[in-house]
Amino acid sequence: MLLDNLENKKDFTTSEQLIADYILKNPTAVQSMTAEELGKKSFTSKATVLRFCNKLDLKGFNDLRHHLIKEIYEKNRLIELIEDEPIHDQSTLEEIITVLPSLYDRAIGESKLRWDDKALKQAIKLLKEAEFIDIYGSGITYSCATAAAFKFQSIGLNADAHHGLNEHAIKYRKGKRNSVAILLSFTGGNVTMSEVGQYLKDNGIMLIGVGGLNSPRLQSICHQYIAVEDRDYIFNIESIGSYISITYVMDILYLSLLSEDYQKNLEAALEVHKERHG
């Protein structure tokens, strides 16, 4: 990293230290300077500036400016993200208890604004007609998948959660059963989910994607895609919002399927209740 090297000043000569100090104190001004101007401002010379660039393994002064602009932008972006963090080193238990519901509300609210109602309705239609429902997740999203599969099973649906491919089962179902797969990804860019989805699609499985819009990778291969909140945080707090968002969508799908066959599900629930309580 250029800025790190300038701050460390490892093996810098006195003239190079002057250049480094000037750049660190005036990063915005340097972005529009020439090598000659930087030499004058740092009380060195154009030749010293160019030798300094070479010492830093840069292709020249323009390359130094390019790296400087890029790193300053990234540094400022990270500062903004840290300042926007809902949890900090002074957070009390009471503040955490208070802020958490707002994270939930924001995740659900942003997800509702992102998704397409038509895609949601089409996804529900696909699931209503499906004989098999396979839900795929990776890492934390696999826990979302297992929870959703359990809920679907509770209303009599053939649903399973997966974190990898079962090629034999997929080949068996191909052309014989009406199968739908739900692919979960916080960002929409999970490589594993995309590879799984492409294999499923190639074998005639209808795909429903639920995830973020940071990457079009997964969205591009799904027949229906339901977007969720995918806000970026430093401390992985996005996993809370994204988890809530995905769970929210999966519960909408679950309750829609439950209500479709409400009377039958009610009778089954009452029978279970009677067996438990006599």
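We now turn to the structure provided with this report. Only a predicted model underlies this, so the values are computations on that prediction, with no experimental measurement involved. (Residues numbered from 1 in each chain as written. Predicted model: local features only at pLDDT ≥ 70, side-chain atom pairs only at ≥ 80, totals over all residues. Heavy atoms only, no water.)

## Side note on the packing of aromatic side chains
- Counted by the stated rule, this structure contains three aromatic pairs.
- With a centroid separation of 5.7 Å and an interplanar angle of 25 degrees, the aromatic rings of Trp115 and Tyr248 are classed as stacked. With Trp115 in the loop between helix H7 (93–114) and helix H8 (117–129) and Tyr248 in helix H12 (residues 238–260), this residue pair connects regions lying 133 residues apart in the sequence.
- Judged by centre distance (6.5 Å) and plane angle (35 degrees), the rings of Phe152 and Tyr254 are tilted. Highlighted residues: Phe152 in helix H9 (residues 140–154) and Tyr254 in helix H12, separated in sequence by 102 residues. Taken as a pair, Phe152 and Tyr254 share a single burial class, namely buried. (Phe/Tyr/Trp six-rings, centres within 6.5 Å; stacked < 30°, edge-to-face > 60°. Helix = DSSP H or I, 4+ residues; strand = E, 2+ residues; numbered from the N terminus. Buried < 20%, exposed > 50% of the residue type's maximum accessible area, 1.4 Å probe, protein only.)

## Notes on the environment of Asp160
- By secondary structure assignment, the location of Asp160 is in strand S2 (residues 159–162).
- Considering only alpha carbons, one finds Asp160 and Ala147, 13 residues apart in sequence, at a separation of 9.9 Å.

## Some points on the sheet that holds strand S1 (residues 132–136)
- The five strands are arranged S2-S1-S3-S4-S5 in an open sheet whose pairing can be described as parallel. The open sheet has two edge strands, S2 and strand S5 (224–227), and neither has a second partner. Within this sheet the neighbouring strands show an average axis-to-axis angle of 20 degrees, counted without direction.
- As paired elements, strand S3 (residues 179–185) and strand S4 (residues 206–211) share six bridges and run parallel to each other. In the strand pairing of S4, Ala181 is matched with Leu207. (Pairing = 2+ DSSP bridges. Axes fitted to C-alpha atoms, helices over the stretch in contact; angles between N-to-C directions.)

## Quick look at unusual backbone geometry
- Of note, Asp11 is a non-glycine position whose phi angle comes to about 60 degrees, a positive value.
- You can see Asp11 is positioned in the loop between helix H1 (2–8) and helix H2 (14–25).
- Located in the positive-phi region is Asp57, a residue other than glycine, with phi close to 60 degrees.
- With respect to the element layout, Asp57 can be found in the loop between helix H5 (46–55) and helix H6 (61–83).
- Asp57 gets classed as exposed once you look at its relative accessible area, which sits at 71%.

## A few points about the side chain of Glu16
- Looking at the secondary structure, you find Glu16 in helix H2.
- Take Glu16: its relative accessible area is 8%, and that puts it in the buried class.
- Residues in contact with Glu16, not counting those within four places in the same chain, are Asp11, Phe52 and Lys55. (Contact = heavy atoms within 4.5 Å.)

## Section: the pairing of S4
- Here S4 lies mainly inside the structure; five of its six residues are buried.
- Taken together, S3, helix H11 (residues 191–202) and S4 constitute a β-α-β crossover, and its handedness is right-handed.
- Pairing analysis gives four bridges linking S4 to S5, with the strands arranged parallel. Within S5, the residue paired with Gly209 across the bridge is Tyr225. (Right-handed = clockwise from strand over helix to strand, strands pointing away.)

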